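Architecture at a glance
Residue-level listing of the chains:
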Amino acid sequence: MATYTLPELPYDYAALAPVISPEIIELHHDKHHAAYVKGANDTLEQLAEARDKESWGSINGLEKNLAFHLSGHILHSIYWHNMSGDGGGEPHEKDGVGELADAIAESFGSYAGFKAQLTKAAATTQGSGWGVLAYEPVSGRLIVEQIYDHQGNVGQGSVPILVFDAWEHAFYLQYKNQKVDFIEAMWRVVNWQDVARRYRSAKERANNLLLAP
């Protein structure tokens, strides 16, 4: 039995239009995300074979492949739920996400400052990658991170709660090479209820990070 499985979308292919076209959602989920799931499972099998044969010549490549595919699977699994056809705007206390709104203001000075930083981080990721809002448990604050090719520039204990996919497969059919336009449009579908739930959960699990015996 496969260790990882492709999650179902929480909405239909057309739910995020016109921000993201149905064609992109279908290809992105059914082809690209599915490929990461298959890649992670295939790599686990290859690592098991390497252990059985005590053959470690390809260990560096296999470990890198596992990180690549597993990160792709996890980030995409968050990505789908971070968006909603009824999303967008700012997080406000009246919408039940006041704790998240306060944390954003405390960590970034203002919502505008946070939005500008995450937009720039996502839009300027070199090559393929992501812009991520994450909860950093050591300081107890929110931070923005860039993820290159599903790896790199990530605090080891940070928990992603809002992710912007900046890979070309996420936007090229609709936005061509205008990555910035896609990132700006993404703010219209952010599901702040989902982000707030992830923030609360990350705070509750903060003490799970073992820094010292």
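Residues numbered from 1 in each chain as written. Predicted model: local features only at pLDDT ≥ 70, side-chain atom pairs only at ≥ 80, totals over all residues. Heavy atoms only, no water.

With respect to the packing of helix H1 (residues 22-53) against helix H2 (residues 59-81)
Running from amino to carboxyl end, H1 crosses H2 at an angle of 145 degrees, the nearest separation of the two axes being 8 Å. The interaxial crossing formed by H1 with H2 has left-handed handedness. Its residues assigned to classes, the contact of H1 with H2 shows 14 nonpolar, twelve polar and one charged. (Axes fitted to C-alpha atoms, helices over the stretch in contact; angles between N-to-C directions. Helix = DSSP H or I, 4+ residues; strand = E, 2+ residues; numbered from the N terminus. Left-handed = near helix turned anticlockwise from the far one by under 90°. Nonpolar A, V, L, I, M, F, W, Y, C, P; charged D, E, K, R; others polar.)

Some words on the UniProt feature "domain: Manganese/iron superoxide dismutase N-terminal" (unreviewed entry) in the chain
Under the present numbering, the feature "domain: Manganese/iron superoxide dismutase N-terminal" (unreviewed entry) in UniProt falls on residues 3-84. Secondary structure content for residues 3-84 is 67% helix and 0% strand, while the C-alpha to C-alpha distance between its ends is 28 Å. (UniProt positions renumbered as here; feature names shortened; annotations may be inferred.)

Thoughts on the sheet that holds strand S3 (residues 159-165)
Taken in spatial order, the three strands make up an open sheet running S2-S1-S3, and their pairing is antiparallel. Of all the strands in the sheet, just strand S2 (141-148) and S3 have a single pairing partner and so form its edges. With direction set aside, neighbouring strand axes in the sheet form an average angle of 25 degrees. Bridge count for strand S1 (residues 129-136) against S3 is six bridges, and the pairing is antiparallel. Bridge pairing in S3 links Tyr135 to Val159. Strands S1, S2 and S3 of the sheet are contacted by helix H4 (residues 111-123), whose axis makes an angle of about 15 degrees with S2. (Pairing = 2+ DSSP bridges. Contact = heavy atoms within 4.5 Å.)

Observations regarding the nonpolar core
Counting residues in each nonpolar core, the largest one holds 53 residues, and the members touching the most others are Ile20, Tyr79, Phe114, Leu142 and Trp192. When residues of this core are assigned to their parent elements, the largest contribution, six residues, is made by H4. Inspection of this core shows a minimum of three residues originating in each of domain 1 (22-82) and domain 2 (93-207). What Leu142 contacts, discounting residues up to four positions off in sequence, is Leu100, Ala103, Ile104, Ser107, Phe108, Leu133, Ala134, Tyr135, Ile161 and Tyr199. (Core = buried A, V, L, I, M, F, W, Y, C linked by side-chain atoms within 4.5 Å. Buried < 20%, exposed > 50% of the residue type's maximum accessible area, 1.4 Å probe, protein only. Domains from an automatic or database assignment.)

A short note on the UniProt feature "domain: Manganese/iron superoxide dismutase C-terminal" (unreviewed entry) in the chain
If you check UniProt for "domain: Manganese/iron superoxide dismutase C-terminal" (unreviewed entry), the listed places come out as residues 98-198 in our numbering. Helix and strand shares over residues 98-198 are 43% and 23% respectively, and the end C-alpha atoms of the span are 14 Å apart.

Things to note about unusual backbone geometry
Of note, the bond from Ala17 into Pro18 is cis; its omega dihedral lies within 30 degrees of zero at 5 degrees. Its location among the elements puts Pro18 in the segment before H1. Despite not being glycine, Glu54 shows a phi value in the positive range, around 50 degrees. Phi at Asp149 takes a positive value of approximately 50 degrees, unusual for a residue other than glycine. Tracing the backbone shows Asp149 in the loop between S2 and S3. Asp149 gets classed as partly exposed once you look at its relative accessible area, which sits at 38%.

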